[in-house]
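Residue strings, one per chain:
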Amino acid sequence: MKLLIVAVGHRMPAWVQAGFDEFARRMPRELPLQLVEVKAEPRSGGKTVEAMMAAEAARIEAALPPRCRRVILDERGADLTTLALARRLESWQGEGDDIALIVGGPDGLAPAVKASAHEAVRLSSLTLPHALVRPLLAEALYRAWTVLKNHPYHRE
C-alpha cells in the first residue's frame, strides 16, 4: 500500500519540498509516502472558475492509480484528531488499496472530484496557505503511523 498526496500546483518554494521530504523519508518501506504534483490551470485567458477546475480535475483523474481510495482534503471534511487519523490509517491498511489524498488548487476541487471521493477530511478549521498543506499533511500521516507503532514521536 502507498500513500499518495495528489496536489494541484508545482514549483512550490524550497521549504515546501524540504518539509514534505523530511516526513516522507521517515515513513516505513511498507507504507511509502509519495507526492504527485498536478499542473494547475493558468488563471489567465478568461476561462471560468468552473472550466479551470474541470481541467484540473481531468489532470487529477489521470494522475490517480486505477484502484485507490480517494480522500479529498476539503474545508467541510471530517475534522480528525491525530488518534482518529491513526485509526483511519490502520483501517486503510487493512483494506490494502493505495490511498490518494487529493489537494485541490486555488479554487478548490471540481464537483466531479468531490463526488468520486470515498471520504473527505480537513486539516484545520483555519485557512492555511496552499503550500503549507503538503508538509503539514505529510507530518500528520507520519505522526499517525508513529501512534500505531507506539513510537515516542507523538505524546498525549
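Residues numbered from 1 in each chain as written. Predicted model: local features only at pLDDT ≥ 70, side-chain atom pairs only at ≥ 80, totals over all residues. Heavy atoms only, no water.

1. Notes on the sheet that holds strand 2 (residues 33-38)
The sheet built from 5 strands is open, its strands ordered 2-1-4-3-5 with parallel pairing. Both outer strands of the open sheet, strand 2 and strand 5 (119-122), are each paired with one neighbouring strand and no more. Across the sheet, the mean angle from the axis of one strand to that of its neighbour is 30°, orientation sign disregarded. Two strands pair when backbone bridges link them, and strand 3 (residues 68-79) and strand 4 (residues 98-103) are joined in this way by 5 bridges, in the parallel orientation. Residue pairing across strands places Arg 69 opposite Ile 99, the latter belonging to strand 4. Strands in contact with helix 1 (residues 14-26) are strand 1 (3-8) and strand 2; relative to strand 2, the strand with the most contacts, it is inclined by about 150°. (Pairing = 2+ DSSP bridges. Helix = DSSP H or I, 4+ residues; strand = E, 2+ residues; numbered from the N terminus. Axes fitted to C-alpha atoms, helices over the stretch in contact; angles between N-to-C directions. Contact = heavy atoms within 4.5 Å.)

2. Considering the packing of helix 1 against helix 5 (residues 133-148)
At a minimum axis separation of 8 Å, helix 1 and helix 5 run at an interaxial angle of 15°. The orientation of helix 1 with respect to helix 5, classified from their angle, is roughly parallel. Taken as a pair, helix 1 and helix 5 cross one another with a handedness that is left-handed. Residues Trp 15, Val 16, Gly 19, Phe 20, Phe 23 and Arg 26 of helix 1 touch helix 5, and the partners they reach there are Arg 134, Pro 135, Ala 138, Glu 139, Tyr 142 and Trp 145. Classifying every residue of the contact of helix 1 with helix 5 by side-chain character gives 8 nonpolar, 1 polar and 3 charged. (Parallel < 35°, antiparallel > 145°, perpendicular 65-115°, else oblique. Left-handed = near helix turned anticlockwise from the far one by under 90°. Nonpolar A, V, L, I, M, F, W, Y, C, P; charged D, E, K, R; others polar.)

3. Focus: the UniProt feature "binding site: S-adenosyl-L-methionine" (unreviewed entry) in the protein chain
The sites that carry the UniProt feature "binding site: S-adenosyl-L-methionine" (unreviewed entry) are, in the present numbering, Leu 73, Gly 104, Leu 123, Ser 124, Ser 125, Leu 126, Thr 127 and Leu 128. For Leu 73, a relative accessible area of 14% translates into the label buried. In this fold, Ser 124 is placed in the loop between strand 5 and helix 5. Here Leu 126 takes part through its backbone nitrogen, which lies 2.9 Å from a polar atom of the side chain of Ser 124. (UniProt positions renumbered as here; feature names shortened; annotations may be inferred. Buried < 20%, exposed > 50% of the residue type's maximum accessible area, 1.4 Å probe, protein only. Polar contact = N/O pair within 3.5 Å; in protein donor to acceptor, adjacent residues only side chain to side chain.)

4. Observations concerning the side chain of Arg 69
Inspection of the secondary structure puts Arg 69 in strand 3. Using a relative accessible area of 19% as the deciding quantity, one classes Arg 69 as buried. Among the polar contacts listed, one links the side chain of Arg 69 to the side chain of Glu 119, at a separation of 2.9 Å. The contact partners of Arg 69, leaving out residues within four places of it in the chain, are Trp 92, Glu 95, Asp 97, Asp 98, Ile 99, Ala 100, His 118 and Glu 119.

5. Describing the packing of aromatic side chains
Enumeration according to the criterion identifies 3 aromatic pairs in this entry. Summarising the aromatic geometry, the rings of Tyr 142 and Trp 145 are spaced 6.1 Å apart at their centres and angled 35° between planes, so their arrangement reads as tilted. Of the two residues, Tyr 142 and Trp 145 both sit in helix 5, 3 residues apart, roughly one turn of that helix. Grouping residues by exposure puts Tyr 142 and Trp 145 together as buried. (Phe/Tyr/Trp six-rings, centres within 6.5 Å; stacked < 30°, edge-to-face > 60°.)

6. Quick word on the pairing of strand 2
Sheet analysis places strand 1 next to strand 2, joined by 6 bridges and oriented parallel. Within strand 2, the position partnered with Val 8 by the bridge is Val 38. You can see the chain leave strand 1, run along helix 1 and come back into strand 2, and the turn it takes is right-handed. (Right-handed = clockwise from strand over helix to strand, strands pointing away.)

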